[in-house]
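# Chains, contacts and geometry: an overview
So you can see what is in the structure, the chains are spelled out below.
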Amino acid sequence: MIEHVLVVDDSTETTEEIMATLVRLGVKSYAANDLSAATRLLERTRIDLVLLDLRLGNENGLDLLPRVAALPRVPPPVAFVSGLDPDILVSAEDAARRARLPVAGHLAKPLGRQQLAQLLDSVSQRPLPEHVEPPPVEPMSMAAMERALEQGWLVPFFQPQYDLVDGTLSGFEALARYLPPDRPEPVGPAAFAVYLDSERFAWSIFESIACQSLDLFTRVNHGDPHTRLSINLPAEIFADPRFPGELIRWCRDRAFPHDRLVLELTETRLNLTPEQRMGLSKARISGFELSLDDFGSGASNLDRLAQLPFTEVKIDAWFLLHGEDEGRNHHLLGDIARLCRQRNIRTVVEGVEDSALLELAIRDGFNVGQGYLFGRPMPAEDASSLPLKRDEIANLRTITINNGSSRAAHDPVLSQDELALLNSLWDEAASPEQPGATELTASHRSDPSQPWCLIVEDDQEVREEIVITLKQEGQACWTAESLEDCRWTLRNIDSIGVIFLDLCLPDGNGLEILDPLFKAEYGQAPAVVVLTGHGSPEIKRFAQRAGATLYLDKPASAIQIRQAFYAALAQYRTQLSA
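Everything numeric in this text was worked out from a predicted model, so none of it was measured. (Residues numbered from 1 in each chain as written. Predicted model: local features only at pLDDT ≥ 70, side-chain atom pairs only at ≥ 80, totals over all residues. Heavy atoms only, no water.)

## Thoughts on the packing of aromatic side chains
The geometry of an aromatic ring pair is captured by two quantities: the separation of the ring centres and the angle between the planes. As enumerated under the stated definition, the model contains 12 aromatic pairs in all. Seen in terms of ring centroids, Trp203 and Phe206 are 5.2 Å apart; in terms of plane orientation they differ by 70°. Their pairing is edge-to-face. Placement of the pair is Trp203 and Phe206 together in helix α7 (residues 202–220), with a separation of three residues, close to one helical turn. Here Trp203 falls in the buried class, since its relative accessible area comes to 7%. Judged by its relative accessible area of 5%, Phe206 is buried. Pairing Trp203 with Trp250 gives two aromatic rings, centres 5.9 Å apart and planes at 45°, and the pair type is tilted. Linking Trp203 in helix α7 with Trp250 in helix α9 (residues 245–253), this pair joins segments that are 47 residues apart in sequence. Joined through ring pairs, the aromatic side chains of Phe158, Phe172, Phe217 and Phe256 make up one cluster. Positioned over the ring face of Tyr372 is Arg376, at 3.8 Å from the centre of the ring. (Phe/Tyr/Trp six-rings, centres within 6.5 Å; stacked < 30°, edge-to-face > 60°. Helix = DSSP H or I, 4+ residues; strand = E, 2+ residues; numbered from the N terminus. Buried < 20%, exposed > 50% of the residue type's maximum accessible area, 1.4 Å probe, protein only. Lys NZ or Arg CZ within 6 Å of the ring centre and 35° of its normal.)

Shown next as structure tokens:
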């Protein structure tokens, strides 16, 4: 209940109007026209809410925030009252939160009675301290860190992630916690953050948390083989000579699939070393997923997203928190989601703490949600009892799309049909006769007389990029991940006119398929586009000797994919008419 409000504004007229409105609302108010007067009132009077103007004559209203934070009692919520640009107000709110203050929002001048009444009601009903940063934690000493590792007091806690399309439990993030036997509650990473990327401790911490997480995960994931496990890694780990060899061995010893392990890059420095970049590439080559943590903050920027082989992006909670703000932030969430959809990158939005934020994440088309609404970081035994599905997600999604407010549903680049197609490809819906061979059904085929296209590629990201690009051209496709899948498709599917063929497949060299292909052992020989990530003249010569004349170097843009496809289609039709 709000009973005492402090109005800090240098305009007598504005102050009197606000105070008169507060009297009519039954709230006692106090006035201050500068920082000194406001500080004295805060120190002597119980204040439930501060209404703060940002411009106080020659003073800046933000300078009051440290004084509010330093009060010897729980600080009151702060609401900004100003006629300044909305982006400035959002920035002021962010500064208040970083000063560990609860923020009630902002109001534009001139201020009406209804606006003020709604603000008071909002402050009275919602738990504002949810977004307040915790007070600083005393860092552990090096001796304490060494003992924690020796005694096994550094343990993983698991925070759930839920699919924002169907509401199913999609994964967990393993987060390090310090839990010695004499502490009833775990201590967060602030106590040992200084050691996470240190030369002395980085690998030991990574090994301890990774191995414990892998050991516990069969208990946490309810036996679902599709649930992902995410582990945080500083950039130093990717440059360690033991990486990724040791990680591969740990997974092999526990029969843990590489494609279910997501490695989150947590890095604040702008530049990665060549060794760190190579380590990231090695991780993807080994089949692990890569996630760019805290995208949009610090060093997690567009450069990294464009240059490195990330399969997932984690959206910093700040963007979700400000997703309904006026100004440029209003559309920023949707822009980020659209960017990632265009690059086939999974999006995980952090900070989903209530139903309103969940609805916002669904509206903007993010794939996965993580936050206190679904569960705080918890021990493995608690994580194992979480629900496998959250029905409120599917219900909210249905309401959002039916109301026409889903940005994903109206995305100008990816239509609703294309999003459904992308989801079906991620599920790798196998045909009943042959797992691994996937068809885009006849409903996606704009011209039944047009030949099929077969994409033979074991890299899911490359495979999906080609399929989506060709789908936009009205071309129907089959996909295969291995030579065996390719041979089955060629034996059972007629009218394949174009093949995109990767050379490095799990069960052999793609060149092995060319000789029987061009000898017409599978019927009319299709035109072949050789996919190579090496760009090697020797490889091209080998392919040319086998009969392939078209090449596409990976990674390829949508324009390059279309050009290669139409060149191959023209070649196939020329062969048919010969």
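## Re the confidence of the model for the protein
Averaged over all residues, the pLDDT of the protein equals 81, while 83% of them reach at least 70. Residue range residues 128–134 is modelled with pLDDT below 50. Its contacts to residues more than four positions away, or to other chains, number 20 contacts. The low-confidence segment residues 408–448, where pLDDT is below 50, has 80 contacts with residues more than four positions distant or belonging to other chains. (pLDDT = per-residue confidence, 0-100. Contact = heavy atoms within 4.5 Å.)

## Looking at the state of the cysteines
Under the criterion given, the structure shown has zero disulfides. Distance from the sulfur of Cys251, which forms no disulfide, to the nearest cysteine sulfur (Cys211) is 8.9 Å. Classification of Cys251 as buried rests on a relative accessible area of 1%. (Disulfide = S-S within 2.5 Å.)

## Some details on the sheet that holds strand β7 (residues 103–108)
Taking strand neighbours across the sheet as the criterion, the five strands line up as β2-β1-β3-β6-β7 in an open arrangement whose pairing is parallel. Where the open sheet ends on each side, the last strands, each with one partner, are β2 (28–32) and β7. Across the sheet, the axes of successive neighbouring strands diverge by a mean angle of 20°, strand direction being ignored. Note: strand β1 (residues 4–8) against strand β3 (residues 49–52), four bridges, orientation parallel. Each bridged residue has a counterpart across the sheet, and for Val8 the counterpart in β3 is Leu52. Packing of helix α2 (residues 35–44) onto the sheet brings it into contact with β1, β2 and β3, and relative to β2 it is tilted by some 145°. With respect to the sheet, helix α4 (residues 86–98) is in contact with β6 (78–82) and β7, its orientation differing from that of β7 by roughly 160°. (Pairing = 2+ DSSP bridges. Axes fitted to C-alpha atoms, helices over the stretch in contact; angles between N-to-C directions.)

## Describing the pairing of β6
Note on strand geometry: in a regular strand, side chains alternate between the two faces of the sheet. Of all five residues that make up β6, five are buried, and the element is covered over most of its length. On β6, burial covers both faces: Val78, Phe80 and Ser82 on one face and Ala79 and Val81 on the other are all buried. One ladder, built from five bridges, connects β6 with β7; its direction is parallel. Looking at the pairing, Ala79 lines up with Gly105 of β7.

## Some remarks on the environment of Glu236
Among the secondary structure elements, Glu236 is positioned in helix α8 (residues 235–238). What makes Glu236 partly exposed here is its relative accessible area of 22%. C-alpha separation for the pair Glu236 and Glu275, spaced 39 residues apart in sequence, amounts to 9.1 Å.

## Some remarks on unusual backbone geometry
A cis geometry characterises the amide bond from Phe243 onward to Pro244, with omega recorded as 0°. Within the secondary structure, Pro244 is located in the loop between α8 and α9. Cis geometry marks the peptide bond from Lys554 to Pro555; its omega dihedral reads -5°. Located in the positive-phi region is Ala255, a residue other than glycine, with phi close to 55°.

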